[in-house]
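These are the residues of each chain, in order.
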Amino acid sequence: MSRASIRMPLILIPLALLALPLIEIGVFIWVGGEIGVWPTLALVVAGVLVGSLLLKRQTLSTLRAAQTEARAGRVPEREIVHGAMIALAGILLILPGFVTDLFGLLLFLPPVRDFVWQRMRSRIVVVGPRGRRDAPYRQPGPEVIDLSGGEFRRRDGAADSPWTALDGPGEDPNDRGPRTLH
């Protein structure tokens, strides 16, 4: 990519931030002229309420889907990006305005989020715990026991304990620090 192609979208961001309030004001005036001031204000308040409810509901379902993917050993990249889009949709709905409400409602629709995700997928890299997108995600299982110093006690002369074999050469047998056993 050339520098000119990277800078062009960055120039558009301040223009969009300036144009959005102007467009919202124009739409407020138009809607207020069509249906009146109080119904217009009621629609704005309804947008905030609906946005808050949708944000709560869809965030929980996306979190459950991400947990399911992680338990299956896959990096939940789609769910992470969907979660970010749901957060953006909630912010857009909570902001007063009809144009932002429209974009927020569209982002709450899973087919729209899938469409956006498919378009953005080649530009986004989600890195899992192993460092690569295609590396399987593996949570520590029951074979790992991680104990703090207060959770265990070492007894001198306990030669019949299977845990004494874990002490390697050079280790202090009186060390009471935490151990991870594999």
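Residues numbered from 1 in each chain as written. Predicted model: local features only at pLDDT ≥ 70, side-chain atom pairs only at ≥ 80, totals over all residues. Heavy atoms only, no water.

### Considering the overall build of the protein
For step 1, the next point in the chain: What the protein contains, in helices and strands, is five helices and two strands.
For step 2, the next point in the chain: Counting all 182 residues of the protein, 23% fall into the buried class. (Helix = DSSP H or I, 4+ residues; strand = E, 2+ residues; numbered from the N terminus. Buried < 20%, exposed > 50% of the residue type's maximum accessible area, 1.4 Å probe, protein only.)

### A closer look at the nonpolar core
For step 1, the next point in the chain: Membership of the largest hydrophobic core is limited to nine residues, which are Val81, Met85, Ile86, Ala89, Leu92, Leu93, Leu107, Phe108 and Trp117.
For step 2, the next point in the chain: If you list the elements that add at least two residues to this core, you get α3 (77-94) and α4 (98-108).
For step 3, the next point in the chain: A total of six residues in this core trace back to one element, the largest contributor, which is α3.
For step 4, the next point in the chain: In contact with Leu92, other than residues within four places in its own chain, are Thr100, Asp101, Phe103, Gly104 and Leu107. (Core = buried A, V, L, I, M, F, W, Y, C linked by side-chain atoms within 4.5 Å. Contact = heavy atoms within 4.5 Å.)

### Quick notes on the packing of α3 against helix α5 (residues 110-120)
For step 1, the next point in the chain: It is at 10 Å that the axes of α3 and α5 come closest, and there the two elements cross at 115 degrees. Judged by the sense of rotation from one axis to the other, the crossing of α3 with α5 is right-handed. Contact with α3, carried on its side by Glu77, Arg78, Val81, His82, Met85 and Ile86, involves Pro110, Arg113, Asp114, Val116, Trp117 and Met120 of α5 and no other residues of that element.
For step 2, the next point in the chain: Grouping the amino acids of the contact of α3 with α5 by side-chain chemistry returns seven nonpolar, one polar and four charged. (Axes fitted to C-alpha atoms, helices over the stretch in contact; angles between N-to-C directions. Left-handed = near helix turned anticlockwise from the far one by under 90°. Nonpolar A, V, L, I, M, F, W, Y, C, P; charged D, E, K, R; others polar.)

### Let's talk about the side chain of Glu79
For step 1, the next point in the chain: Structurally, Glu79 can be placed in helix α3.
For step 2, the next point in the chain: A relative accessible area of 11% places Glu79 in the buried class.
For step 3, the next point in the chain: Ignoring anything within four residues of it in the chain, the contact list for Glu79 reads Thr62, Ala65, Ala66 and Glu69.

### Looking at a nonpolar patch on the surface
For step 1, the next point in the chain: On the surface, a nonpolar cluster with roughly 440 Å² of combined accessible area is contributed by Leu18, Leu22, Ile25 and Ile29.
For step 2, the next point in the chain: Here Leu18 lies in helix α1 (residues 3-35).
For step 3, the next point in the chain: Relative accessible area serves as the criterion here: at 55%, Leu18 is assigned to the exposed category. (Patch = residues over 30% accessible without salt bridge, like charges linked within 9 Å, V, L, I, M, F, W, Y side chains within 5 Å. Areas by Shrake-Rupley, 256 points an atom, 1.4 Å probe, with all protein chains shown as cover. Salt bridge = Lys/Arg side-chain N within 4 Å of Asp/Glu carboxyl O.)

### Comments concerning the pattern of salt bridges
Proximity of charged atoms lets side chains of opposite charge pair with each other.
For step 1, the next point in the chain: Under the criterion given, the structure shown has three salt bridges.
For step 2, the next point in the chain: Linking Glu77 and Arg121 is a salt bridge whose minimum nitrogen-to-oxygen distance equals 2.9 Å. Of this pair, Glu77 sits in helix α3 while Arg121 sits in the loop between α5 and β1 (145-147), placing them 44 residues apart in sequence.
For step 3, the next point in the chain: Its relative accessible area of 33% is what places Arg121 among the partly exposed residues.
For step 4, the next point in the chain: Salt bridges sharing partners connect three or more residues here, namely Arg78, Glu79 and Asp114.

### Here's the deal with helix α2 (residues 37-71)
For step 1, the next point in the chain: Taking 1.5 Å of rise per residue, the 35 residues of α2 would be expected to cover 51 Å, and the 51 Å separating its terminal C-alpha atoms lies within 8% of that figure.
For step 2, the next point in the chain: Of all the residues in α2, the buried ones are Thr40, Val44, Gly47, Gly51, Gln58, Thr62, Ala66, Glu69 and Ala70.
For step 3, the next point in the chain: In the segment just after α2, Gly73 is the residue with positive phi, at about 90 degrees. (Expected span 1.5 Å × (residues − 1).)

So, to be careful, I would describe these as geometric facts and stop short of saying anything about function.
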